[in-house]
Structures are given as C-alpha cells and as structure tokens.
Amino acid sequence: MTHAIIAHELTKSFGHGVVVDAVSMTVPQGSVLALLGHNGAGKTTTIRLLNGVLRPDAGHLSVLGLRPYEEGTALRRRTGVATENAGLDDRLTAFENLLTVARLRGIRGGAARRTAEDLLERFGLGPQRDLQCQGFSTGQRRRVALARALMHDPEVLFLDEPTSGLDPAGSRAVMELIGEITRNKGRTVVLCTHFLAEAGETADLMAVLHGGSLVCFGEPRRLAARRWPGIGVRIDLVTPSTNRREAAAIPDMLSALPGVLPVPETGPTSIELSVRDRSVVADVVRLLVDAGLGIGEVTTSTPGLEDVYFAVQRDLGVSDGLSGATGLSSRGAAVDGRSAPREAAAA
Amino acid sequence: MRIDWSIVGALLRRDLAAARRSKGVVIPMLVVPVVLLVLLPTGIGWYARTATAPPDLSAVLGRLPGSLARSIATMPPAAQIVQLVLGYLVAPLFLIVPMMISSALAADAFAGEKERRTLETLLHLPIDERDLFVEKVLFAWLPTVGASWICFALFSVSANVVAWPVLGHPFMPTWRWVGLITLVAPSVAALGLGVMVRVSARARSTQEANQLGGAVIMPLILATVGQSSALLILPSYWMPITAVVITGLGLILVRGGLRRFDRDTVAARM
C-alpha cells in the first residue's frame, strides 16, 4: 500500500509552547483522514506542516514522497488547500480568483478559463462568476475557495472546515465531492471539521488531536469495535414488567444467554445491551417474550467515529470546548491495531 | 535559484487588478502626486507670474552657484521667479512623492495580505519565497515609477503653459530634470520600499507597518528634501552617481529582506 502521508514524531512549537507534539501517523493514498479536535488542538498547524508552510522542529515527515518544507514548491504543485478562512481577494471576481490560482499553478489560456468556469458552475456560482467577492455570503466564499483548491486536480486535498457556513445542500455536495474524488480518482483528503456526522460518513481514518498531541488514530470502525465489542441493541418495551422481582431478574437472564456481552442496562421501558452478532438478537427477543414482556421496537446500532470521538473526549476529561489539556502524550495514543494502555482500559 | 517570472507576472496582474479597484489605494496614488507634483508647482508658478510686485530674489540668487545665479539674474523679474520656482525649488517634491508612494504600497505588501487574510492562501500555493518577495517589491516600485513619470509629464505641460508667456519659449523638460525623474526618482522609490517591505513582512497590519517604518522613512524623506535641489545645480555627473548609490542602498536593503524572508517565520506570525 502506498502512503500519501507519513509523519513520525512530528513536533512544532511557537513562542507560547508546543503546538504539535510528537504526532505520528500514516495515511494511505486514496483515503479520507478526519482530523478532529477542539479549537486550538493543533489541526490547522498540522495542515500547515503537512503542506510545507511551517518547518517542523523535530520528527520526520513525507507527503507524496516529498519532504514538505524542503521540497515545498514541488509538493504544493500537487496539493490543494481550502483554508478555514476562504482567503479570497475580495477586490477580484470569483472568476479572477480562480484564474489567478490557475496561472500560479501553470494552467494557462483556454484550459484555465474552462476549468474555472466548470468549477464555478459545479459549485452553483455560474451567475456570480463576474461579481467581486466582497459581497459574497460565507457559503459562497467557501464554495469559491473549494473550487480554487480543485483547479489543478490535486493528489492530496487539505480541507479546513469546508462545510462551515454552508447550507445543508451545500454541505451534502461537498461531502459527495470528497467521496467522489477519493473513490473515483484515488485522491487523498485530509479533512478538519467539527461536524462529526459528516466526518463519520466519509472518513476512512480518524485522528483526534488534543493540546497538540495525537490521542487517537485509526479506522473509526475498528476503534469503536475495540471500545464496544459487538452490536448495540436497544429494545423498547410496550408492556413493562410490573413485577419487581421479574424485572430485577431480566439482566441476569440476558447475561446468561450465549452471545450477550456483559452487562445489559435495563430500565422500566427499555433494555440496552450488546450482542456478539445479529443472530443473538432473535434469542434475546424470544427470551423476553417468554418472560411475558411486550416488545415495541428493536433497534441495532454500530458505534462509529462520533461515538469514538466523544468517548476519547470523556477519557480526557473534556466535557466541552473550554476544557484544558490532560497531559496525555501522543505516544499514548490508540493506534489502529495496537491498543495503547489508555485505550485498552477504556475498551 | 532563478526567479520564475511567470509566477511574478501572475501575482503582479492580481495585485495590480486588485489595487486598481481599491479606492483606498487609487485615490491617494492619484490625489497626492497630482496635488504635490502638478497643482502645487503650477499654482506657485502661476502666482509668481501674475504677482504685481515680484519679490526681490537677489538674496536667494546670492546663495546659488555663480553660473546659475548669473543666468537667472539676467532675466526679467517675472521670468526669474518662474525659472527659480518651477525649474529648481519644486524638485524635492518629485523625490518625496515617489518615496511616499513606494513606502505606502510596500507597507501594504505583506501586512495588507495578512489583514485581508489572503497571505495564508499564498503560502499554501506553489510560490517560492523569492518570487513572492520580488513580486511585492515590484508591485510597490512599478506603480510608483509610473506615477512619477506621468506626473512629470503633466507637470512639464502645465509648467510650460504657465511659463511660456513669461519666458517666451517652453523650458520643460530639461536634461537635468529628465535625469532626476528617470534615474534618481526610481532609486529613491527603491530605497523607501527597501525599508518598508521588510517592515511589512514582520508587521501584523498595514497600520503597524506604517508606524514601524515611519521612524526610518521620515528621516529619509527629510534628507531627500534637503539635498535633491542640489542635483539640479551640481555638475551633471552627480546625477547618475547619486542614482547608483541610492539604488545600491535600496538593493542592499531588498536583498537583506529577501534573505530573512522565510515562509516558516511569516506563517508563524499569521
């Protein structure tokens, strides 16, 4: 497997402290990496390091086989970036903003014009192509920035909050685009976002940064499976047990059933438990019906990126965006396939 | 490493197109030179021509080199004042204005990109630091030189309109003035931007750049004012010598700035 990004112990400090702390990760070509974390976690700095805008203080870094800072110009010919702030020149039109980048990327004449026009049409900005960007809404600016990042069909695309400010349809279009360029063209995408549901839909890999440290990295499904083995099952009851003794016996009855993972949580109107595989669900339902309980609905769920993210935040003691660092270093991160102590304990 | 002129050209096109549409850039670039280089000299010349009692210039002429003083002293009083004001005394303005414009544009070069939040976009593009720096220097220098030359052409026309009835013939441009505008003014512009573009790369806003750079630029402007008229009086070989020296100083400053201009440092200050 070819890797688009290989980072080993990547570290960057500014005057006020360490911003990226010994981050190690490998990202295969053609995959989507969701770079997650609170504001100030080090996501934007990581993107700047990966694209050779900042020089690492320590560690080894390779993107598309190039050393980003030393071979930055060559690398940036092959990467595209849509920064958190759209970074458009407001005094130029949408078309001129794209055309300028095309010229800077060596795309000239008719090819540049055609590509710019096609992308503006694709992002629904055809009617605004000759308007100066200073009057654009946040969503329109974001779309111009995305179009600009795609002008040269980059091999690696860095997207910093690409759907922030977009309406639901716009967000959906961006997510479809990410899926399309990775699936059909084998492009690699690094996606920084606070929208976990979107990240969960598209990401092949997730990396959670906290205080500059990588605290969790891997495939969301595998990370979730390690934390929550089995399939989650929720059973809503229509005729709750009125007999206290019977109700108290339900968890023990379920735990005794082969394939049920400890320990079921029961309430007066619902039961939540994990099972080894889907075939066990029928046994569970049969047992409950035999016990005289009326079942309204059975739903199964597989935890994903969002669940892992919040579980990691809980482990770190972070309850909201204002919480501070915990001192967990990147070296203690949960890396796919290798359980670090903290992750193993959580699982 | 060689400069990629296609990159520099593309950036120049962008910056010039954007500047052309920015009232904050265009108005000062038009108004200041037109007022200082066209209206003010013409007004002074007009006043001198129409004054009912021309002032006695003998004290002023006494301070000028002998040959120059003698050639002016032979003229009628009205012609003396027109020749002295339009031919010599307004010369400093033609050096102050290029320094002012180039400094203002250079202050905006990087700090303005930071303010408009476009610098990060540029740093993420395949643009070598050298190409970006050279473009910012040229963006400050070319419009300045263009504005000084256009204003000199306008000044020459208006000065002749004012002076012709008094002198009886057109007297602008003289070879010394052409030397001043084509050699010295561009070099002075290079000196101003050599200071300011370095300041701009470190400042967080154009205002900060102007404040930081002002401490250096103001003494340079005062020094220019004090010395520039002398170039029209001194032997003509001083003109290219002065231009070479000032350009050299400007290039040293630009080169030093280029050597210190580093993507990592600039990005860390964003």
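**A few points about the overall build of chain A**
Okay, so step 1: On a plain count of helices and strands, chain A comes out with 12 helices and 14 strands.
Okay, so step 2: In chain A, which comprises 347 residues, the proportion classed as buried is 42%.
Okay, so step 3: Here the analysis covers contacts within chain A between residues at least 6 apart in sequence; of these, 70% occur between residues at least 24 apart.

**Concerning the overall build of chain B**
Okay, so step 1: From N to C terminus, chain B includes 12 helices and 0 strands.
Okay, so step 2: Across its three principal directions, the C-alpha atoms of chain B cover 65 × 35 × 30 Å.
Okay, so step 3: In chain B, the proportion of contacts linking residues at least 24 apart, taken out of those at least 6 apart, comes to 86%.

**A few points about the interface of chain A and chain B**
Bring the parts together and some accessible area is lost; that lost area is often taken as the interface size.
Okay, so step 1: Contact residues are listed per partner, giving 24 residues for chain A and 22 residues for chain B.
Okay, so step 2: Elements with a minimum of two residues in the side of chain A that touches chain B: α2 (72-76) and α3 (94-104) of chain A.
Okay, so step 3: Grouping the constituent residues of the side of chain A that touches chain B by class yields 7 nonpolar, 7 polar and 10 charged.

**Examining the confidence of the model for chain A**
As a general rule, the predicted coordinates of low-pLDDT regions are not to be interpreted in detail.
Okay, so step 1: Overall, the prediction assigns chain A a mean pLDDT of 85, with 88% of residues at 70 or greater.
Okay, so step 2: Low pLDDT (under 50) marks residues 320-347 of chain A, which in the prediction has 55 contacts with non-local residues, meaning those over four places away or in another chain.

**Topic: the nonpolar core**
Okay, so step 1: Counting 154 residues, the largest nonpolar core has Leu33, Ala34, Leu98, Leu191 and Ala207 of chain A together with Phe94 of chain B as the members making the most contacts within it.
Okay, so step 2: In this structure phenylalanine 94 of chain B touches Leu37, Ser148, Phe152, Leu180, Ile181 and Ala185 of chain B, once residues within four positions along its chain are discounted.
Okay, so step 3: Grouped together as the second largest cluster of nonpolar side chains are 10 residues, Ile271, Leu273, Val275 and Val284 of chain A included.

**Details of helix α2 (residues 23-50) of chain B**
Okay, so step 1: Where α2 of chain B bends most, the angle comes to about 40 degrees, and this point is valine 35 of chain B.
Okay, so step 2: Buried residues of α2 of chain B: Met29, Pro33, Leu37, Val38, Pro41, Thr42, Gly45, Ala48 and Arg49 of chain B, and no others.

**Describing the environment of glutamate 135 of chain B**
Residue and element names in this part refer to chain B.
Okay, so step 1: Counting through the fold element by element, glutamate 135 comes out in helix α8 (residues 129-167).
Okay, so step 2: For glutamate 135, a count of 23 C-beta atoms within 10 Å translates into the label buried.
Okay, so step 3: Between the alpha carbons of glutamate 135 and isoleucine 3 there is a distance of 10.0 Å; along the sequence they are 132 residues apart.
Okay, so step 4: When residues no more than four places from it in sequence are discounted, the contact partners of glutamate 135 are Val8, Leu11 and Leu12.

**Overview of helix α11 (residues 305-315) of chain A**
Residues and elements named next belong to chain A.
Okay, so step 1: Within α11 the residues assigned to the buried category are Leu305, Val308, Tyr309, Val312 and Gln313. The buried side chains of α11 occupy one side of the element, clustering within an arc of 135 degrees when seen end-on.
Okay, so step 2: If you follow the buried residues of α11, they end up packed against β3 (32-36), α7 (196-202), β8 (205-210), β9 (213-218) and α8 (220-227).
Okay, so step 3: Where α11 terminates, the next one or two residues include glycine 317, which has phi positive at roughly 80 degrees.

**Structural notes on the packing of helix α6 (residues 93-115) of chain B against helix α9 (residues 175-202) of chain B**
Working note: a packed helix pair is described by the angle between its axes plus the distance between those axes.
All names here are of chain B.
Okay, so step 1: Put simply, α6 and α9 touch, their axes get as near as 7 Å, and they point 30 degrees apart. Between α6 and α9, the interaxial angle falls into the category roughly parallel. For the pair α6 and α9, the crossing hand works out as right-handed.
Okay, so step 2: Across the contact of α6 with α9, the residue classes break down as 20 nonpolar, 4 polar and no charged.

**Remarks on the packing of α2 of chain B against helix α5 (residues 77-89) of chain B**
Residues and elements named next belong to chain B.
Okay, so step 1: Their axes nearest at 8 Å, the elements α2 and α5 cross at an angle of 165 degrees. Judged by the angle between their axes, α2 and α5 are roughly antiparallel. In terms of crossing hand, the pair formed by α2 and α5 is right-handed. Counting all contacts with α2, which are made through Pro41, Ile44, Gly45, Ala48 and Arg49, the residues of α5 involved are Ala78, Ile81, Val82, Val85 and Leu86.
Okay, so step 2: Its residues assigned to classes, the contact of α2 with α5 comprises 8 nonpolar, 1 polar and 1 charged.

**Comments concerning the environment of threonine 206 of chain B**
Okay, so step 1: Tracing the backbone shows threonine 206 of chain B in helix α10 (residues 206-228).
Okay, so step 2: Linking threonine 206 of chain B and valine 216 of chain B, residues 10 residues apart in sequence, is a C-alpha distance of 16 Å.

**Remarks on the pairing of β9 of chain A**
The two faces of a sheet get side chains in turn, since along a regular strand they alternate between them.
All names here are of chain A.
Okay, so step 1: Of all 6 residues making up β9, 6 are buried, and the element is well covered by its neighbours.
Okay, so step 2: Sheet analysis places β8 next to β9, joined by 5 bridges and oriented antiparallel. By the bridge assignment for β9, leucine 209 is matched with leucine 214.

**Observations concerning the environment of proline 28 of chain B**
Residues and elements named next belong to chain B.
Okay, so step 1: In this structure, proline 28 sits in helix α2.
Okay, so step 2: For proline 28, a count of 14 C-beta atoms within 10 Å corresponds to the partly exposed category.
Okay, so step 3: Considered as a pair, proline 28 and alanine 104 are 76 residues apart in the sequence and their alpha carbons are 9.5 Å apart.

**Side note on unusual backbone geometry**
Backbone geometry follows two general trends: most residues other than glycine have a negative phi, and most peptide bonds adopt the trans configuration.
Okay, so step 1: For the bond from methionine 172 of chain B to proline 173 of chain B, the omega torsion is -5 degrees, close enough to zero to count as cis.
Okay, so step 2: Although it is not a glycine, glutamate 9 of chain A adopts a positive phi angle of roughly 55 degrees.
Okay, so step 3: Along the chain, glutamate 9 of chain A falls in strand β1 (residues 3-14).
Okay, so step 4: Here the phi dihedral of arginine 117 of chain B falls at roughly 60 degrees; this positive angle occurs in a residue that is not glycine.
Okay, so step 5: Residue position: arginine 117 of chain B is located in the loop between α6 and α7 (119-123).

**Topic: the confidence of the model for chain B**
Residues and elements named next belong to chain B.
Okay, so step 1: The share of residues in chain B with pLDDT of 70 or more is 97%, and the mean pLDDT across the chain is 83.
Okay, so step 2: Mean pLDDT values for the elements of chain B range from 74 in α10 up to 94 in α7.
Okay, so step 3: This prediction of the complex comes with two scores: 0.81 for pTM and 0.82 for ipTM.

About the criteria used
Residues numbered from 1 in each chain as written. Chains lettered and ligands numbered in written order. Predicted model: local features only at pLDDT ≥ 70, side-chain atom pairs only at ≥ 80, totals over all residues. Helix = DSSP H or I, 4+ residues; strand = E, 2+ residues; numbered from the N terminus. Buried ≥ 20, exposed ≤ 12 C-beta atoms within 10 Å, placed from the backbone. Contact = placed C-beta atoms within 7 Å. Nonpolar A, V, L, I, M, F, W, Y, C, P; charged D, E, K, R; others polar. pLDDT = per-residue confidence, 0-100. Core = buried A, V, L, I, M, F, W, Y, C linked by C-beta atoms within 7 Å. Bend = angle between axes of the 7 residues up to and from the residue. Arc of directions from axis to C-beta. Axes fitted to C-alpha atoms, helices over the stretch in contact; angles between N-to-C directions. Parallel < 35°, antiparallel > 145°, perpendicular 65-115°, else oblique. Left-handed = near helix turned anticlockwise from the far one by under 90°. Pairing = 2+ DSSP bridges.

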